[in-house]
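Working through the structure, step by step
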Amino acid sequence: MKIKTFNLVIVLLMCAISFKGFAQNDQLFKLWPDSILAEANSAKHALYMSEEEKIVVYYTNLVRINPELFSKTFLIEYLDQNDLKKDNEIKELIKELEIRSQMKILKPSETLTATARNHAIDMGTTGRTGHTTSDGKSFKDRMMVVANDYEGVNENCNYGTDKGVVAFMDLLIDRNVPNYGHRKNILDPEMKYIGVAIEPHKRMRYNCVQDFAGQKIDQ
């Protein structure tokens, strides 16, 4: 059994409720080749994901495919639409995306999505936050179900919104999170697969869980 990476990171409520969302500007899409936009939509046929969960995968892939272009298009548009100032966190994000190498897209995983959904439902029904289950099972113990299949696993948790793009952008900006752990997981070049679950939350309205995994061990 091999579990290579555990980036246990959590955001309690990263201004998600105050965000207005992200109305797409057609001009932004003109800067992205149609083939790239189609490639980013890797979860398009994942029947086990909701549309908002697929959106999380879509934007995760876009920022990985071309970090610099994402910064100059979608990120800037999102900041403008939501009246977000370029504070230190955002300036550091922009700087990082400008120098980041392109990464491969993440493929959707039904197994990882089921793992993420189990945790999102558990946290939502009990009103808890974090990576430990309501009955005390640690992240490492929870992920044993997939640890035999992948070289590494990571997880992000976000609270406060059921909108996929808002949850994703909160995690990418990663305000008030030490060492930008969520951002690191999203931009981890070793990750190959992703599962996403958005479920109601007893105290924080909604919670979104992203589970990432590296190369399959049998490959």
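The structure contained in this document is the topic of the report that follows.

The rules behind each value
- Residues numbered from 1 in each chain as written.
- Predicted model: local features only at pLDDT ≥ 70, side-chain atom pairs only at ≥ 80, totals over all residues.
- Heavy atoms only, no water.
- Helix = DSSP H or I, 4+ residues; strand = E, 2+ residues; numbered from the N terminus.
- Expected span 1.5 Å × (residues − 1).
- Buried < 20%, exposed > 50% of the residue type's maximum accessible area, 1.4 Å probe, protein only.
- Contact = heavy atoms within 4.5 Å.
- Polar contact = N/O pair within 3.5 Å; in protein donor to acceptor, adjacent residues only side chain to side chain.
- Salt bridge = Lys/Arg side-chain N within 4 Å of Asp/Glu carboxyl O.
- Phe/Tyr/Trp six-rings, centres within 6.5 Å; stacked < 30°, edge-to-face > 60°.
- Lys NZ or Arg CZ within 6 Å of the ring centre and 35° of its normal.
- Core = buried A, V, L, I, M, F, W, Y, C linked by side-chain atoms within 4.5 Å.

1. A look at helix 6 (residues 110–126)
- In this model, helix 6 (17 residues) spans 24 Å end to end at C-alpha, consistent with the 24 Å of a helix rising 1.5 Å per residue.
- Of the positions making up helix 6, those classed as buried are L112, T113, T115, A116, R117, H119, A120, D122, M123 and G124.
- For helix 6, the secondary structure elements touched by its buried residues are helix 3 (51–65), helix 7 (139–142), helix 8 (144–147), strand 2 (153–159), strand 3 (193–201) and strand 4 (205–213).
- Backbone nitrogen of T111 and a side-chain oxygen of the N-cap are separated by 3.3 Å at the start of helix 6; the cap is S109.
- Of the residues trailing helix 6, G127 is marked for its positive phi of about 80 degrees.

2. Looking at the pattern of salt bridges
- If you walk through the whole model with that rule in mind, you get eight salt bridges.
- When the shortest N-O distance is used, the salt bridge between E68 and K72 registers 3.0 Å. In this pair, E68 and K72 both sit in helix 4 (residues 67–81), four residues apart, roughly one turn of the helix.
- Its relative accessible area of 34% is what places E68 among the partly exposed residues.
- Note that E199 and R117 form a salt bridge whose closest N and O atoms lie 2.8 Å from each other. In this pair, E199 is assigned in strand 3 and R117 in helix 6, connecting sequence segments 82 residues apart.
- Classification of E199 as buried rests on a relative accessible area of 17%.
- Through salt bridges with shared partners, a single ionic network connects E53, R117 and E199.

3. Let's talk about the packing of aromatic side chains
- For the structure shown, the criterion picks out seven aromatic pairs.
- Where F70 meets F168, the ring centres are 6.2 Å apart and the plane angle is 85 degrees; that geometry is what we call edge-to-face. Of this pair, F70 sits in helix 4 while F168 is found in helix 9 (residues 164–173), placing the two residues 98 residues apart along the sequence. As far as the burial class goes, F70 and F168 line up, both buried.
- An aromatic cluster is built from W32, Y58, Y59, F70, F74 and F168, whose rings are joined through pairwise contacts.
- The ring of Y180 carries R183 above its face, with NZ or CZ at 4.0 Å from the centroid.

4. Description of the environment of L75
- Along the chain, the position of L75 falls in helix 4.
- In this structure L75 comes out as buried when scored by relative accessible area, which is 0%.
- When the C-alpha atoms of L75 and L93 are compared, they prove to be 9.6 Å apart, with 18 residues separating the residues in sequence.
- Aside from chain neighbours lying at most four places away, what touches L75 is F70, L93, I94, L97 and M169.

5. A look at the environment of F212
- Along the polypeptide, F212 turns up in strand 4.
- Overall, the relative accessible area of 0% leaves F212 in the buried class.
- With 16 residues separating them along the chain, F212 and V196 place their C-alpha atoms 8.9 Å apart.

6. Some details on the environment of L93
- One can find L93 in helix 5 (residues 88–99).
- Here the alpha-carbon distance between L93 and Y180, two residues 87 residues apart in the chain, equals 9.4 Å.

7. What to know about the side chain of H119
- Its location among the elements puts H119 in helix 6.
- In this structure the side chain of H119 is engaged in a polar contact, spanning 2.7 Å, whose partner is the backbone oxygen of G130.
- Beyond its immediate chain neighbours, meaning those up to four positions away, H119 contacts G130, H131, T132, T133, R142, E155, C157 and V209.

8. A word on the nonpolar core
- Ranked by size, the top nonpolar core spans 44 residues in total, and within it L62 and F70 carry the most contacts.
- Secondary structure elements with two or more residues in this core: helix 2 (34–40), helix 3, helix 4, helix 5, helix 9, strand 3 and strand 4.
- Considering every element that reaches this core, the biggest residue donor is helix 9, with eight residues.
- Beyond its immediate stretch of four places on either side in the chain, L62 contacts W32, L37, A40, F70 and F74.
- If you look at the next biggest cluster of nonpolar residues, it comprises eight residues, including M143, V146, Y150 and A213.

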